[in-house]
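Geometric and topological summary
Each chain, written out:
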Amino acid sequence: MTPTHLGFAAALVTLILDQATKLYCLFVYDLPVREPVELTPFLNLIVVWNRGISYGLFQQHTEVGRWILILVSILAAFGLSYWIRNTSGRLLAASLGLVVGGATGNVIDRLAYGAVFDFLQLHIGTWSWYVFNVADAAIVAGVIGLLYDSFVLEKRRVR
């Protein structure tokens with residue numbers, strides 16, 4: 001599999017897993033009625049509608065703000081897709097694909113619901129750190145891969 005194919009496969013798998021888990025939690029499991037659901041002592045299922053970006057930053061309560069986030073996410077996905085097409089690194093392509101798939105999944109939420117559906121809550125006791133979804137986890141994993149490629153693998157290629 002070429003790096004390009006790997007990157008776009010990672011994007012597609014991420015998008016499908018993200019949307020499948022969201023649709024299941026919302027419409028099959030009916031999480032809004034059942035919440036909170038304790039999965040483990042540190043992981044719950046809850047419903048949070050995120051109108052901002054990661055960690056709930058830059059909350060947008062207007063239609064203009066919502067559409068700006070949609071536009072920025074779409075432009076980022078297109079730019080990263082172009083990068084996928086032009087890279088020869090497998091880790092770089094896969095990492096970019098994770099970010100593209102995650103960004104696309106969250107754009108679909110913003111278009112369909114006006115906000116991103118987050119449902120996985122990490123916590124320790126009563127201290128809650130983060131509520132996220134599959135798209136968010138993929139974006140974080142993709143960024144970690146990009147950093148590893150940039151700071152570790154790039155140094156090896158330069159030598």
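Residues numbered from 1 in each chain as written. Predicted model: local features only at pLDDT ≥ 70, side-chain atom pairs only at ≥ 80, totals over all residues. Heavy atoms only, no water.

Let us now look at the overall build of the protein chain. Helix and strand content of the protein chain: five helices and four strands. Of the regular secondary structure in the protein chain, the N- to C-terminal order runs α-α-β-β-α-α-β-β-α. Relative to a compact globule of 159 residues, whose C-alpha radius of gyration would be 15 Å, the protein chain shows 17 Å and is just as compact. Based on the C-alpha atoms only, the size of the protein chain along its principal axes is roughly 55 × 40 × 30 Å. Each of the 159 residues in the protein chain was classed as buried or not, and the buried ones make up 42%. Of the accessible surface of the protein chain, which amounts to about 9,200 Å², a share of 70% is contributed by carbon and sulfur atoms. Of the charged side chains in the protein chain, 11 are positive and 10 negative; the average position of the first set lies 12 Å away from that of the second. (Helix = DSSP H or I, 4+ residues; strand = E, 2+ residues; numbered from the N terminus. Rg over C-alpha atoms; globule rule 2.2 N^0.38 Å. Buried < 20%, exposed > 50% of the residue type's maximum accessible area, 1.4 Å probe, protein only. Areas by Shrake-Rupley, 256 points an atom, 1.4 Å probe, with all protein chains shown as cover. Lys, Arg positive; Asp, Glu negative; His and termini not counted. Charge placed at Lys NZ, Arg CZ, Asp CG, Glu CD.)

A few words now on the packing of aromatic side chains. This model, assessed by the stated rule, comprises six aromatic pairs. Three or more aromatic residues joined by ring pairs form one cluster here, namely W49, Y113, F117 and F119. (Phe/Tyr/Trp six-rings, centres within 6.5 Å; stacked < 30°, edge-to-face > 60°.)

Along its 24 residues, helix 4 (residues 90–113) runs 34 Å from first to last C-alpha, staying within 8% of the 34 Å computed at 1.5 Å per residue. Where helix 4 ends, the next residue or the one after it, G114, has phi of about 85°, a positive value. (Expected span 1.5 Å × (residues − 1).)

In this structure, P36 follows E35 across a cis peptide bond, with omega equal to -10°. Along the chain, P36 falls in the loop between helix 2 (31–34) and strand 1 (37–40). Not every positive phi belongs to a glycine, and D30 is a case in point at roughly 60°. Position of D30 relative to the elements: it lies in the loop between helix 1 (3–28) and helix 2. A relative accessible area of 33% places D30 in the partly exposed class.

Right, let's talk about the nonpolar core for a bit. Ranked by size, the top nonpolar core spans 13 residues in total, and within it C25, L31, V37, L45, F117, F119 and L120 carry the most contacts. For this core, the secondary structure elements donating two or more residues are helix 1, strand 2 (43–50), strand 3 (116–124) and strand 4 (127–132). If you look at the next biggest cluster of nonpolar residues, it comprises nine residues, including A77, L80, L96 and V100. (Core = buried A, V, L, I, M, F, W, Y, C linked by side-chain atoms within 4.5 Å.)

Its location among the elements puts E35 in the loop between helix 2 and strand 1. When the C-alpha positions of E35 and I46 are compared, they lie 5.2 Å apart, and in sequence the two are 11 residues distant. Polar contacts involving the side chain of E35 include one to the main-chain amide nitrogen of V47, which spans 2.7 Å. (Polar contact = N/O pair within 3.5 Å; in protein donor to acceptor, adjacent residues only side chain to side chain.)

Going through the model one piece at a time under the given rule, you end up with three salt bridges. When the shortest N-O distance is used, the salt bridge between D109 and K22 registers 2.8 Å. Placement of the pair is D109 in helix 4 and K22 in helix 1, with a sequence separation of 87 residues. The class for D109 is buried, based on a relative accessible area of 0%. Notably, a salt bridge pairs R66 with E63, separated by 2.7 Å at the nearest N-O pair. Note that R66 and E63 are positioned in helix 3 (residues 63–85) at a spacing of three residues, about one turn of the helix. (Salt bridge = Lys/Arg side-chain N within 4 Å of Asp/Glu carboxyl O.)

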